[in-house]
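These are the residues of each chain, in order.
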Amino acid sequence: MDRVPARGAGSLDAIVVPTARGAVTLREAILLGLKVGCPVVALCSQAARASEATELGQSLGATVLAIDCDDVRAIPGFATEALLEEAGMGSVVDLSLKRNLGLLLARIAGWERILFLDDDIFGVNPDDLGGAASLLDNYRAVGLENFGYEDNSVVCHAYRAVDGEQDTFIGGGAMLVAPKNTRSFFPNIYNEDWFFLLGDGVPFKVAVTGRAVQKEYDPFATPERAAREELGDSLAEGIYWLLDNGLGPEHADSVFWADFLYRRRRLLDDVLARSESRIADPVKREKVQASLRAAKGASSFITPKICREYVAAWRKDLDLWGEHLDTFRDQPSVDKALSELGLFHRAHRSEYADALFAIR
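Residue positions within a chain follow its written sequence, with the count starting from 1. Where local features are concerned, this predicted model is filtered to residues with pLDDT of at least 70; where side-chain atom pairs are given and counted, the filter is 80 or more; whole-chain, interface and lining totals use all residues. Excluding hydrogens and water, the side-chain values take into account all heavy atoms of the structure.

Asker: Explain the pairing of strand β9 (residues 206–214) to me, and be specific about the residues and the numbers.
Answerer: Under the scheme applied here, a residue whose accessible area is under 20% of the maximum for its type counts as buried, over 50% as exposed, and between as partly exposed, the area being computed with a 1.4 Å probe on protein chains only. Counting from the N terminus, the helices are the DSSP runs of H or I reaching at least four residues and the strands are the DSSP runs of E reaching at least two. Among the nine residues of β9, eight are classified as buried, and the element is accordingly described as predominantly covered. The pairing criterion for strands is at least two bridges between them, as found by DSSP. Where strand β1 (residues 2–3) meets β9, two bridges bridge the pair, whose relative direction is parallel. Each bridged residue has a counterpart across the sheet, and for Arg3 the counterpart in β9 is Val208. As judged from the two bridges shared by strand β6 (residues 121–122) and β9, these two strands associate in the antiparallel manner. If you follow Ile121 over to β9, its bridge partner there is Gln214.

Asker: I'd like a description of the pattern of salt bridges, backed by residues and values.
Answerer: For this analysis, a salt bridge means a side-chain nitrogen from Lys or Arg found within 4 Å of a carboxyl oxygen belonging to Asp or Glu. In the structure shown here, the tally under the stated rule is 19 salt bridges. When the shortest N-O distance is used, the salt bridge between Arg113 and Glu112 registers 4.0 Å. Exposure remark for Arg113: the relative accessible area of 14% places this residue in the buried category. Glu309 is the salt-bridge partner of Lys305, the closest N and O atoms lying 2.7 Å from each other. Remark: Glu309 and Lys305 occur in helix α11 (residues 304–326); sequence separation between them is four residues, near one turn of the helix.

Asker: Please set out helix α5 (residues 126–134) residue by residue, giving values where relevant.
Answerer: Three- or four-residue spacings in an α-helix give side chains the same orientation, since the helix completes a turn every 3.6 residues. Among the nine residues that make up α5, seven are buried, leaving the element largely enclosed by the rest of the structure. Every buried residue belonging to α5 is among Asp128, Leu129, Gly130, Gly131, Ala132, Ala133 and Ser134, and all of these are buried. Where α5 is buried, its residues contact α1 (27–36), β5 (114–117), β7 (141–146), β8 (174–177) and β9. Throughout this description, a polar contact denotes any pair of N or O atoms lying within 3.5 Å of each other; where both atoms belong to protein, one of them has to be capable of donating a hydrogen while the other can accept it, and for residues adjacent in sequence the pair is counted only when both atoms sit in side chains. The backbone nitrogen of Asp127 has a side-chain oxygen 3.0 Å away, supplied by the residue at the start of α5, namely Asn125. Contacts are assigned to residue pairs with any non-hydrogen atoms lying within 4.5 Å of each other.

Asker: Talk me through the packing of helix α8 (residues 223–244) against helix α10 (residues 282–299); I want residue IDs and the actual numbers.
Answerer: Orientation of α8 relative to α10, taken along the N-to-C sense of each, is 35°, at an axis distance of 7 Å. The chirality of how α8 crosses α10 is right-handed. The residues of α10 that touch α8, namely those facing Pro223, Ala226, Ala227 and Glu230, are Ala290, Ser291, Ala294, Ala295, Ala298 and Ser299. Residues are grouped as follows: Ala, Val, Leu, Ile, Met, Phe, Trp, Tyr, Cys and Pro are nonpolar; Asp, Glu, Lys and Arg are charged; all remaining types, including Gly, are polar. Of the residues that constitute the contact of α8 with α10, the class distribution is seven nonpolar, two polar and one charged. Note on definitions: angles span 0 to 180 degrees between N-to-C directions of axes, and those axes are lines fitted to C-alpha atoms, for helices only across the stretch in contact. Two helices that cross are described as forming a left-handed crossing if the nearer one is turned anticlockwise from the farther one by less than a right angle, and a right-handed crossing if clockwise.

Asker: How would you sum up helix α4 (residues 95–109)? Please name residues and give values.
Answerer: For α4, which comprises 15 residues, the first-to-last C-alpha distance of 21 Å matches the rise-based estimate of 21 Å (1.5 Å per residue) to within 8%. Within α4, 13 of the 15 residues are buried, leaving the element largely enclosed by the surrounding structure. Just past α4, the residue Gly110 takes up positive phi, approximately 85°. For a helix, the expected span equals 1.5 Å multiplied by the number of residues minus one.

Asker: Just give me the short version of the pairing of strand β4 (residues 64–68), but keep the residues and values in it.
Answerer: Burial analysis of β4 places four of its five residues in the buried class, the great majority of the element. With helix α2 (residues 50–60) bridging strand β3 (residues 40–44) and the parallel β4, this β-α-β connection has right-handed handedness. Pairing geometry for β4 and strand β10 (residues 347–349), over three bridges, is antiparallel. When the bridges of β10 are listed, Leu65 appears paired with Arg349. Looking down the strands as they point away from you, a crossover is right-handed if its path from the first strand over the helix to the second goes clockwise.

Asker: Any chance you could break down the environment of Val177 for me, citing the residues and the numbers?
Answerer: With respect to the helices and strands, the residue Val177 is situated in strand β8. Taking the C-alpha atoms as reference points, Val177 and Gly199, 22 residues apart in sequence, are found 13 Å from one another. Setting aside anything within four residues of it in sequence, one finds Val177 in contact with Leu103, Glu112, Arg113, Ile114, Phe116, Leu136, Ala141 and Phe196.

In structure tokens:
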């Protein structure tokens, strides 16, 4: 991962915000879109409503396209999801679906550079985005550097809490990509952004630049969070360990996973033991320990077989996604792109969005 100054005069075609919360959480992204002169695409589900998102955009004088994404059928059924559902490890989170939908819409509409921005990110410097966008000529993805709360898994936060040295990597929460230059997708699993970066093959180059701030949250609020993350955390950490040692995902056989899972569980045991003396606050210590026990419980169900089969299914899904991309043709307007995806009736727009929908 290269740290590069945000210099240059690239252009940004859209800011894509997956959201499941109230429209007020979109305010930062919409104001950012106003400052850089590009539309905001809000991909809404659960508590987020497209009509409310565009009303907020309207009140701010911004170009906003919002789409209700509940029960969307524009994304194919992936083998990875079927595998995890059969194993009782399926996810009900729809973040990956919305990011994949953003990739598809941008690709079909002819957008060359987009910024994925989560609704809990703020403090983005608009002056950095032109330079960040220009870096996509040489990098697979460009992440905005996080100057806020660390963007790590629960287990990584626990490791940091016992004085372990814990790095961070770029994530999909504040990441620029060039939709036409990738045939990768976001699988429905924790660390989906790591798999996205890996999907176009190795070696790969990513850059970090500029500035963003992750809002603070309590990673130990519920032990279930650690349990939900454990499979994705184990898979991604295992594959990236291979990469760090000059190997690729094809080397992730059952022998490798048996060894890696053993070492992962040793790590969980070690962090749990160290928490007794390293975390002085008894309330925090209890919450950290509950999360680690939940992660250990989830890990006990993760087998070398499911890890090996997941990697194999993910590689098949990359082919499936590539075939899916090829079924769509470039469209001369966003309206036509929405129709191509079967989303026209789900889309809402602010009245300032007329130019966005014009025929190119």
